[in-house]
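Report on the structure
So you can see what is in the structure, the chains are spelled out below.
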Amino acid sequence: MYCKLCLKNTDLRESHIIPETFYQEIYDDLHRMVVLTLEDTKLKLIQSGIKEKLLCHNCEQRFSKWENFLKKDLVDFGNKQSKYLRFSLVDENVIKIEGIRYNEFKLAILSILWRLSVSSHPYFYLYKLGVYEEKLRHILLNGIAPDESIYPISIKRHEIEKEFHPAIIMQFPPKVFKQLVTINTSTIPPIKIQQLVTIQAFTIWGHTFKIIVNDNNFLKINLERYLRKSGHLNIKTQELIEFMSEDSVLKRIDDQDVNNIFEKMINEAEHLS
Ligand SMILES: [Zn+2]
């Protein structure tokens, strides 16, 4: 079978789409998890995350190096404590972080986004990157993160009653917005084109990552809100309940079928012990 990243015909591993390390706080005693999605409100009980034959051994290793950096950083973000990252408050709800290893951090996020897109699992059907899938494949294969204004990444931290919770994995439908772009030419009036821009988002380890899926420099964005090449990042803290939209499944947490699943998990765990 062909590796989706290096395209070599070789043995493929059962690759996690979202790396297993981010499920750590979610697995119950039976090594299962409840997955909540916004789109369909059906609950799914999944064994050990979602896996698929995607990558060869070498490519899997390449990704896991970046993932380990990302995981360490996210654990520190959660604790607001670190040996090498520095934290300060910009205001009550915004934390400034310095010292992030830009290259590894950005590549890890982009690699997860890319895996969500190349996965053929129906659970990830919302993440189809179109032409950007192949562009990202090249970036990941080269191992050099693009500039801060290319595929810019912003991050939100979620709290529940002021407490950080790493055990949150969520996915979202893409958002598309229109932007009027002026092209640099000598013509009068200047040429303006309308550009459609897609934002993809996912939540792992209690943080929601938003990625603007765009690789041209015409995009007008306030870089202060995004991961900077200098290793700076401003993270906004938001109560999860405010963040979730009206039709959120979190509202369903008290519903009977949700409770039944939790009860079943607890009973089975007790039965085993
Ligand atoms: Zn490969």
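Quick summary incoming for the structure in this document. For every chain, the first residue of its written sequence is number 1, and the numbers climb from 1 along that sequence. In keeping with the predicted nature of the model, local features appear solely for residues at pLDDT of at least 70, side-chain atom pairs appear and are counted solely at 80 or more, and the whole-chain, interface and lining totals rest on all residues.

So, about the overall build of the protein. Put simply, DSSP H or I for four residues or longer makes a helix, DSSP E for two residues or longer makes a strand, and each gets a number counted from the N terminus. Helix and strand counts for the protein stand at five helices and 13 strands. Residues with at least 20 other C-beta atoms within 10 Å of their own are called buried, those with 12 or fewer are called exposed, and the rest are partly exposed. The C-beta atoms themselves are positioned from the backbone. With 273 residues in all, the protein has 27% of them scored as buried. Summarising the internal contacts of the protein: among those between residues at least 6 apart in sequence, 72% fall at separations of at least 24. Remark: residues whose backbone-derived C-beta atoms lie within 7 Å of one another are considered to be in contact.

Along the chain, the position of F177 falls in strand 10 (residues 175-182). By C-beta crowding, F177 is classed as exposed, having 10 other C-beta atoms within 10 Å. With 20 residues separating them in the primary sequence, F177 and V197 have C-alpha atoms 5.3 Å apart.

All right, on to the packing of helix 2 (residues 102-118) against helix 3 (residues 131-142) then. Note on geometry: axes are C-alpha line fits, over the in-contact stretch for helices, and angles between N-to-C directions span 0 to 180 degrees. Interhelical geometry of helix 2 versus helix 3 gives an angle of 140 degrees and a closest axis separation of 10 Å. In this view, helix 2 runs oblique relative to helix 3, as classed from their interaxial angle. In this structure, the crossing between helix 2 and helix 3 has a hand that is left-handed. Contact with helix 2, carried on its side by L107, L110, S111, W114, S117 and V118, involves E133, L136, R137, I139 and L140 of helix 3 and no other residues of that element. Oblique is the label for any angle not under 35 degrees, not over 145, and not in the 65 to 115 range, which are roughly parallel, roughly antiparallel and roughly perpendicular in turn. Note on convention: the crossing is left-handed when the near helix lies turned anticlockwise from the far helix by less than a right angle, right-handed when the turn is clockwise.

All right, on to the pairing of strand 6 (residues 94-98) then. By the convention used here, strands pair only if DSSP detects at least 2 bridges between them. Pairing of strand 5 (residues 86-91) with strand 6 involves five bridges; the strand directions are antiparallel. Paired with F87 across the bridge in strand 6 is I97. Linking strand 5 to strand 6, which pair antiparallel, is a turn of two residues.

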